[in-house]
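If you want the building blocks of each chain, they are given just below.
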Amino acid sequence: MRAGRARNCGSPGRAVAALAAELEGCIGMGVGQKISAENAGWSFGGKVPETFVDHIRLSVPLYDMGHDLTCQVSDFFVHHDSVVYEIGTSTGELLKKLALHHKARPGVRWIGFDVEPAMVEAARKHCADVPNITILHEDARLAEMEKADLIVSYYTMQFVPPRHRQELFDRIYETLNWGGAFVMFEKVRGPDARFQDIFTQLYNDFKLRNGFNGEEIVEKARSLKGVLEPFSTRGNLDLLARAGFEDVTTIQKYLCFEGFLAIK
Ligand SMILES: C[S@@+](CC[C@H](N)C(=O)[O-])C[C@H]1O[C@@H](n2cnc3c(N)ncnc32)[C@H](O)[C@@H]1O
């Protein structure tokens, strides 16, 4: 434990108590953009929505480009009366971009799910001026869904516990109309240990270039233990195939960040 951590405290006695509590994982550490998180305790709640988009833009390579690509791909699947779901909409950033991209089709129903109440509130605020967007406080695993032409998951499936993940892929496949599409972006593991090592190091360099310091990078990784569980490209393709998808391709890839298009 470094002495620098004592900055959390006002006196030597409190410093010792704070360090002891920290050892038990009781104090959140800074991970950038004024967000703090505990070991194995990352959450999308609390004040996270306030700075979330700034944080994810700096943390996920090609974040905006992936949104733009999703909008372009959606042109092939969204019709004037379509239902479209975004699973894990967070602040509604992507859902609103999609709805505005299709503003000539006011009959489309854009529905965003999120399990985190603070995100739902933020998304409702962000999307309030677009009448055909609905944001629901729902776990996508359990939510009722009607037939849809497009389902989007932008860095969300990786947060669904592995023991439930296949179930959700199966539901997505069942929910889509024939010819409908699932656009999924995920952090992915490398195909073997050497590639994973290269990915991790280059991703750390990316975060350093974006202004995170070493401590923030380490604390973010610690906070995501057991919360963010990426599968490899192969693992994701297997999940999709078991759900029933036969037509799948990669639409974007940067190191360990990959976008897939799966058509039913
Ligand atoms: C990385 S964020 C998504 C970012 C967002 N799609 C964007 O483009 O900015 C993941 C989100 O998924 C939500 N989430 C995780 N599991 C979920 C589930 N089972 N159902 C619905 N939302 C979920 C989290 O609360 C979080 O807001």
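Residues numbered from 1 in each chain as written. Predicted model: local features only at pLDDT ≥ 70, side-chain atom pairs only at ≥ 80, totals over all residues.

**Q** Could you give an account of the overall build of the protein chain, naming the residues involved and the relevant values?
**A** A count of helical and extended segments in the protein chain gives nine helices and nine strands. Burial analysis of the protein chain (264 residues in total) assigns 36% to the buried set. Pairs at least 24 residues apart make up 72% of the contacts formed inside the protein chain by residues separated by at least 6 positions. (Helix = DSSP H or I, 4+ residues; strand = E, 2+ residues; numbered from the N terminus. Buried ≥ 20, exposed ≤ 12 C-beta atoms within 10 Å, placed from the backbone. Contact = placed C-beta atoms within 7 Å.)

**Q** So what's going on with helix α7 (residues 193–209)? Residues and values would help.
**A** Across its 17 residues, α7 extends 24 Å between first and last C-alpha, which sits within 8% of the 24 Å expected from 1.5 Å per residue. Looking one or two places after α7, you find glycine 211, whose phi comes out positive at around 100°. (Expected span 1.5 Å × (residues − 1).)

**Q** How would you sum up the sheet that holds strand β6 (residues 148–154)? Please name residues and give values.
**A** Spatial ordering of the open sheet is given by β5-β4-β3-β6-β7-β9-β8, a layout of seven strands whose pairing is mixed. The open sheet has two edge strands, β5 (133–137) and β8 (247–254), and neither has a second partner. If you compare each strand with its neighbour and ignore which way they point, the axes differ by 15° on average. Looking at chain direction, strand β3 (residues 83–87) and strand β4 (residues 109–114) are connected through five bridges and run parallel. Looking at the pairing, valine 83 lines up with arginine 109 of β4. Of the strands in this sheet, β3, β4, β5 and β6 are in contact with helix α4 (residues 93–101), which crosses β4 at around 175°. Helix α9 (residues 233–243) contacts β7 (176–187), β8 and β9 (257–263) of the sheet and is inclined by roughly 20° relative to β9. (Pairing = 2+ DSSP bridges. Axes fitted to C-alpha atoms, helices over the stretch in contact; angles between N-to-C directions.)

**Q** Before we move on, can you summarise the confidence of the model for the protein chain with the specific residues and values?
**A** Mean pLDDT over the protein chain works out to 90, with 89% of the residues at or above the 70 mark. Ranking the elements of the protein chain by mean pLDDT puts helix α1 (residues 12–23) last with 44 and β9 first with 99. Overall, residues 1–26 carries pLDDT values under 50, and its contacts beyond four positions in sequence, including any with other chains, amount to 17 contacts. (pLDDT = per-residue confidence, 0-100.)

**Q** Tell me about unusual backbone geometry, and name the residues and values.
**A** Look at alanine 40: it is not a glycine, yet its phi comes out positive at around 55°. With respect to the helices, strands and loops of the structure, alanine 40 is situated in the loop between β2 (35–37) and α2 (48–59). Positioned with a positive phi, leucine 62 is a non-glycine residue whose angle comes to about 60°. Relative to the helices and strands, leucine 62 resides in the loop between α2 and α3 (63–74).

**Q** Before we move on, could you go through the site of the ligand and cite the residues and values that matter?
**A** The ligand sits among 21 residues. The nearest are Gly88, Ser90, Glu116, Ala140 and Tyr154. Mapped by element, the contributors of at least two residues to the shell around the ligand are α4 and β4. For the shell around the ligand, the residue count by class is twelve nonpolar, four polar and five charged. (Near = placed C-beta within 6 Å. Nonpolar A, V, L, I, M, F, W, Y, C, P; charged D, E, K, R; others polar.)

**Q** Please set out the packing of helix α6 (residues 162–175) against α9 residue by residue, giving values where relevant.
**A** One can describe the packing of α6 onto α9 by two numbers: an axis separation of 8 Å at closest approach and a directional angle of 50°. Classified by the angle their axes make, α6 and α9 are oblique. Crossing of α6 against α9: the hand is right-handed. Of the residues in α9, those touching α6 at Arg165, Gln166, Phe169, Asp170, Ile172 and Tyr173 are Leu239, Leu240, Arg242 and Ala243. For the contact of α6 with α9, a count of residues per class yields six nonpolar, one polar and three charged. (Parallel < 35°, antiparallel > 145°, perpendicular 65-115°, else oblique. Left-handed = near helix turned anticlockwise from the far one by under 90°.)

**Q** Give a description of the nonpolar core that names residues and reports values.
**A** Within the largest apolar cluster, 45 residues are counted, with the highest numbers of intra-cluster contacts made by Val84, Trp110, Leu150, Ile151, Phe182 and Ala262. Looking at this core, the element that brings in the most residues is β7, giving six residues. Residues in contact with alanine 262, not counting those within four places in the same chain, are Ala181, Phe182, Met184, Leu240, Phe245, Asp247 and Val248. Formed by seven residues, the second largest nonpolar core is a distinct cluster that contains Met29, Ile35, Ala37 and Leu224. (Core = buried A, V, L, I, M, F, W, Y, C linked by C-beta atoms within 7 Å.)

**Q** Describe in detail the packing of α3 against α4, supporting the description with residues and values.
**A** For the pair α3 and α4, interaxial distance at closest approach is 10 Å and the crossing angle is 40°. As the angle between them shows, α3 and α4 are arranged oblique. Seen along the crossing, α3 lies across α4 with a hand that is right-handed. Along its contact with α3, which presents His67, Thr70, Cys71 and Ser74, the element α4 presents Leu94, Lys97, Leu98 and His101.

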